[in-house]
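Observations on chain architecture
Listed here are the chains, written in short residue letters.
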Amino acid sequence: MMRFAVLFLLTLGLLLSCRQAHSSQQISEWTTQAAAATLSVQSVPTTDPFIWWEAEIPNATNFPPSDRHPFVPANATEAAILSDGKWIGVDDRQRSERLFLEYQVQVATGGQYFFYTRKFWQHGPFQWRWDDQPWQTVGSQVYLMDSAPMRQFVVANWVSLGRVNLAAGTHRLRIELTQNQGPAAFDCFVLTRSPLQPQGKLQPNQRYTANIPDGFLFHPGSDPLLNSPIDLRYLNEPEAGRNGWLRVKGEEFVQGTTGKPVKFWAVNVGESALWMNRAERQSMARFLAKQGVNMVRVHAPLWAEDLKTVSPQKLDGLFGLVADLKQQGIYTTLSIYFPVWRNLTASDGFAGYQNQAPFALLFFNPDFQQIYNGWWKTILTTPNPYTGKALRDDPAVAAVELVNEDSYFFWTFNPYETIPAPQMAQLERQFGDWLNRKYGSMKAALTAWANPPAIRGDDLAAGRVGIMALSELVGQRESRRAQDTAAFLAASQQTFFERAIAHLRTTLNYQGLIYASNWITANSQILGPLDKYTNTVADFMDRHGYVVGPHEGAAASYSLNPGETYEDRPALRFKSFQPEQEFDFDLPIMDVRYNGKPSTITEINWAMPNRFRADFPLLAAAYGSLQGTDGFFFFALDTPRWQATLTKFAIASPVIMGQFPATALMYRTGMIAPGKPVMDISLNTQDVFNLQGAPLSAPQNLDEFRAQDVPAGQTLSSDRAPSLDPLAFLVGKVNVRFANRATTQQVNLSRLINRQTKTVRSNTGQLLWDYNTGLVTVNAPQAQGATGFLRQAGELAFDTLKLRSPMDYGTILLVALDNQPLKTSRRMLLQVMSEEQTLGWQTAGTPRKTIQSIGNFAIAVRHLSGTLSLQRPDARALQVTALDANGYPVAKLGNGAEIKLQPETFYYLLEQAAR
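Residues numbered from 1 in each chain as written. Predicted model: local features only at pLDDT ≥ 70, side-chain atom pairs only at ≥ 80, totals over all residues. Heavy atoms only, no water.

1. Structural notes on the overall build of the chain
Scanning the chain from terminus to terminus reveals 16 helices and 51 strands. C-alpha atoms of the chain, sized along the principal axes, occupy 90 × 80 × 55 Å. Going through the 915 residues of the chain one by one, you find that 63% of them count as buried. As displayed, the chain has an accessible area near 32000 Å², and 48% of this comes from carbon and sulfur atoms. Computing the positive centroid from 82 side-chain charges and the negative centroid from 80, the chain places the two 5 Å apart. (Helix = DSSP H or I, 4+ residues; strand = E, 2+ residues; numbered from the N terminus. Buried < 20%, exposed > 50% of the residue type's maximum accessible area, 1.4 Å probe, protein only. Areas by Shrake-Rupley, 256 points an atom, 1.4 Å probe, with all protein chains shown as cover. Lys, Arg positive; Asp, Glu negative; His and termini not counted. Charge placed at Lys NZ, Arg CZ, Asp CG, Glu CD.)

2. Let's talk about the confidence of the model for the chain
For the chain, per-residue confidence averages 93 on the pLDDT scale, and residues scoring 70 or more make up 95% of the total. For the stretch residues 6-26, pLDDT sits under 50, and the model shows 69 contacts to residues farther than four places along the chain or on other chains. (pLDDT = per-residue confidence, 0-100. Contact = heavy atoms within 4.5 Å.)

3. Comments concerning the packing of aromatic side chains
Inspection of every chain in the model, using the stated rule, returns 69 aromatic pairs. Between Phe71 and Phe120, the aromatic rings sit 4.8 Å apart at their centres with planes inclined by 65°, giving edge-to-face as the arrangement. Of this pair, Phe71 sits in the loop between strand E3 (60-61) and helix H2 (76-79) while Phe120 is found in strand E6 (residues 111-120), placing the two residues 49 residues apart along the sequence. Each member of the pair Phe71 and Phe120 is classed as buried. With 5.0 Å between their ring centres and 10° between their planes, Phe574 and Trp769 make a pair best called stacked. (Phe/Tyr/Trp six-rings, centres within 6.5 Å; stacked < 30°, edge-to-face > 60°.)

4. Things to note about empty space enclosed by the protein
Of the voids in this model, the largest cavity is the one considered here, and its volume is about 310 Å³. Put simply, the parts of the chain that give the lining of the largest cavity at least two residues each are helix H11 (528-535), strand E25 (541-547), strand E28 (592-594) and strand E31 (677-684). Class assignment for the residues of the lining of the largest cavity results in 15 nonpolar, seven polar and five charged. The computed volume of the second largest cavity comes to approximately 160 Å³. (1 Å grid on protein atoms, 1.4 Å probe; cavity = no way out; pocket = protein on both sides within 12 Å on 5 of 7 lines; lining within 4 Å. Points joined across faces, edges and corners; volume = space filled by probe spheres on them. Nonpolar A, V, L, I, M, F, W, Y, C, P; charged D, E, K, R; others polar.)

5. With respect to the pattern of salt bridges
Scanning all chains against the criterion turns up 43 salt bridges. Arg118 is the partner of Asp187 in a salt bridge, and the nearest nitrogen-oxygen pair spans 2.8 Å. Placement of Asp187 in strand E12 (residues 184-192) and of Arg118 in strand E6 is noted, with a sequence separation of 69 residues between them. Neither Asp187 nor Arg118 differs from the other in exposure class; each is buried. Note that Arg593 and Asp630 form a salt bridge whose closest N and O atoms lie 3.4 Å from each other. Placement of the pair is Arg593 in strand E28 and Asp630 in the loop between helix H12 (616-627) and strand E30 (631-634), with a sequence separation of 37 residues. We note that Arg593, like Asp630, is buried. (Salt bridge = Lys/Arg side-chain N within 4 Å of Asp/Glu carboxyl O.)

6. Let's talk about H12
In this model H12 runs 16 Å from its N-terminal to its C-terminal C-alpha over 12 residues, within 8% of the 16 Å that 1.5 Å per residue would give. Within H12, burial applies to Phe616, Pro617, Leu618, Leu619, Ala620, Ala621, Ala622, Tyr623, Gly624, Ser625, Leu626 and Gln627. Among the residues trailing H12, Gly628 stands out with phi positive, at a value near 80°. (Expected span 1.5 Å × (residues − 1).)

7. Comments concerning the sheet that holds strand E7 (residues 126-130)
Reading across the sheet, the five strands line up as E3-E5-E11-E7-E8 and stay open at both edges, with antiparallel pairing between neighbours. Each having just a single partner strand, E3 and strand E8 (136-138) make up the two edges of the open sheet. Sheet topology places E7 next to strand E11 (residues 169-177); five bridges connect them, and they run antiparallel. Across the sheet, Phe126 pairs through a bridge with Leu177, a residue of E11. (Pairing = 2+ DSSP bridges.)

8. So, the packing of helix H10 (residues 480-507) against H11
Their axes nearest at 8 Å, the elements H10 and H11 cross at an angle of 25°. Of the possible angle classes, the one that applies to H10 and H11 is roughly parallel. Considering how the two elements wind past one another, H10 and H11 form a crossing that is right-handed. Packed against H10, whose contacting residues are Ala486, Ala490, Gln493, Gln494 and Phe497, the element H11 presents Leu530, Asp531, Tyr533, Thr534 and Asn535 at the interface. Residues of the contact of H10 with H11, tallied by class, amount to five nonpolar, four polar and one charged. (Axes fitted to C-alpha atoms, helices over the stretch in contact; angles between N-to-C directions. Parallel < 35°, antiparallel > 145°, perpendicular 65-115°, else oblique. Left-handed = near helix turned anticlockwise from the far one by under 90°.)

9. What to know about helix H4 (residues 312-327)
A turn of α-helix holds 3.6 residues, and therefore any two residues three or four places apart point the same way. Taking 1.5 Å per residue, 16 residues should reach 22 Å; H4 reaches 23 Å between its end C-alpha atoms and fits that length. Buried residues of H4: Lys314, Leu315, Gly317, Leu318, Phe319, Gly320, Leu321, Val322, Ala323, Asp324, Leu325 and Lys326, and no others. At the C-terminal side of H4, Gly329 shows a positive phi close to 75°.

10. Re the pairing of strand E23 (residues 397-401)
Where a strand is regular, its side chains alternate between the two sheet faces. Summarising burial for E23: five of the five residues are buried, a large majority. Sheet topology note: the strand E20 (residues 331-335)/E23 ladder contains four bridges and is parallel. Bridging across to E23, Leu334 finds its partner in Val400. In terms of strand pairing, E23 meets strand E24 (residues 513-515) through three bridges, oriented parallel. Opposite Ala399, over in E24, you have Leu513 as the bridge partner.

11. Considerations on the side chain of Asn886
For Asn886, the location among the structural elements is in the loop between strand E48 (878-883) and strand E49 (889-895). The exposure class of Asn886 is buried, given its relative accessible area of 3%. At 2.7 Å, the side chain of Asn886 forms a polar contact with the backbone oxygen of Pro220. (Polar contact = N/O pair within 3.5 Å; in protein donor to acceptor, adjacent residues only side chain to side chain.)

Encoded structure:
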């Protein structure tokens, strides 16, 4: 999404600004405000050798002195951003000679090293080489591993330079700028034996420490990616596609040659991932496979400056990424077109556009469709130099998306406003042709419409008929004109999907899965079914959803900045922020199954700022399993490993990715039983075209970025209450089909939904949602635990587990590692999580808060606590081992009869003690 583009702008330094108490429940606030003042650096032992040197101390250079360039720190605060408080740089003036830096580096132990530099953003493209080895080039499009702003427009970033082989002894490194104009600055360099985990200016044997009340700093360190109890690489195929093209079988994805069902625990990456070098790609792929990821959605524009052509550099980056993900058993989904990625002007060849996003243009404009088809031809048919196969022939490219977040039925389809009049004329003409085919003549159409008054766009002599606005379609839905307009728009959108699918399948011979789009509508009950109907021509259905509380400010849709206001949103309590309603039962995990097709959510997040995010991974895994959801794609990964600070859509953080091991395992191996259908709804297709809507409103969960597209005074809510219970999603499967007649079959839910106690039990008996307390419990043979307000819940008893935790809010989950029930399992993983904040995060006010500071470049986690006991006769024979943040053993802690949670431990291995 455009979210990637605006997140990317943050790394430019353009925005230097790179937990709520429930009113009736007395949940204590946690803050790290005092911690920033006591931040210090501590040396820690490391068995991983590294070589570090300061960029501003070269052996030879023609750069100006390190204190004579415009990026010199202006004060102690800026100096604290840099290693040793300084860096070497040059301004953007024209230069008569090529600038260079040379260093003599002593290597004690020969071998292969990862090579990194910390530099000024993407400025200063350069080439480098060791001794007389071949030159290596680092261009202006380089992947930034982190971001540490000094001041506006000045930011330091770690950049990977790849791998080098160096023998023991002294070596010469030469750096040369490849342009004689433009700014550049270098802070430091490092050689490491394991991939670097960036920590700002800190060296690999250093870490931040701080005296945090009831908390600690997250510092996972460099992960050598060795075998560990939390490593889920074994769940993936040896290489993606080894077992053939993924296929659809009923409601599931299956491997083509084995027929084995597959569910996807996935992440999104953006355009910046295409700039990674091979070392970065391989490191990221192995890290993701360890976390249980088996799919990556590459969500990025691949066109060049000329819209009609694909960028060779981006295409090469995509090819390399697909190849390296494939080697870790990770499939790729391609999402290459989102209208907000490119504003059009008349010079692009599309009359009327004045720097506007081309919403809906792709559905009806043949010239734009030709450009679009050209992108796919280049992307899918060009041989991948890293695999020898074109992407159309590589089963690792599991799925492609036709268009991201666009529809005739969302507010961005606003005739003559978002779509200029010259383009609307084409659509009006197509509408006239459609009416002629339906009624035989324009006159017959007008007669059927009872000769309504003319609207803008009506030019019957020219064969053009005006298009009603969405608000008019819904407001006048009983009129024949509104119904025909809606039916035409649906037909136009569906025809595009059908033709695009035929182009990919037949013309380009792409053999993988295809899905249409993933968007919501201006009215979920009236227009929503129309939009979904058009999507059913594809292999599977997709949607997007975000949990957000109110977050307001100029850049609040994509970043966190001082001065913005927000409220935390405890999703488990269905808290509504609308004064006229007590609860908001819409959550993105609530899945409607359409026409018996597989269903995915290719963008999902509990977005920041929000104290209550630790329930997210477990809810996705548990209720995705219950409802039969086939894939969750967490949005979005913008670092190759753990991130150093929390961003708007942070997922590579302790609370989200730190909970992947147990939740991904639970989801992908089917530890939670699928639910039985609780609603089977057949919608009469003609009634849908006639704007009669559906008896149930599918959840529509916008984040602030796309919420900006909703016009003032309009909402996403339906204009009538659903007749079916929205809590049914938490009981079992909700199925919708488009058919010749309307029927509704609903199971009696009164036994499972209790509005007095505010509880909902799944029809499998394995899941219980208490939205009064704010607690979900999982009690399945191979997975047991709870997420939410644990202290208020008191002691919780499961079939094999008892637990009590004084944590205000968090998640505790026990899963079997050996595919056995917990009551007999010989090897189990206990996973615990609480809350996270960027160190030094400061706010004022409650419940509506004002951000005073976004904090430092370190993540603080609230202390973990609780006592657990396994309810099985041999509990004392189960050895408990604490694991570090990367899943490696650090300490023996006793046995399963009583487990006292350690304040800084996320993972515990429970296994049968050796005899």
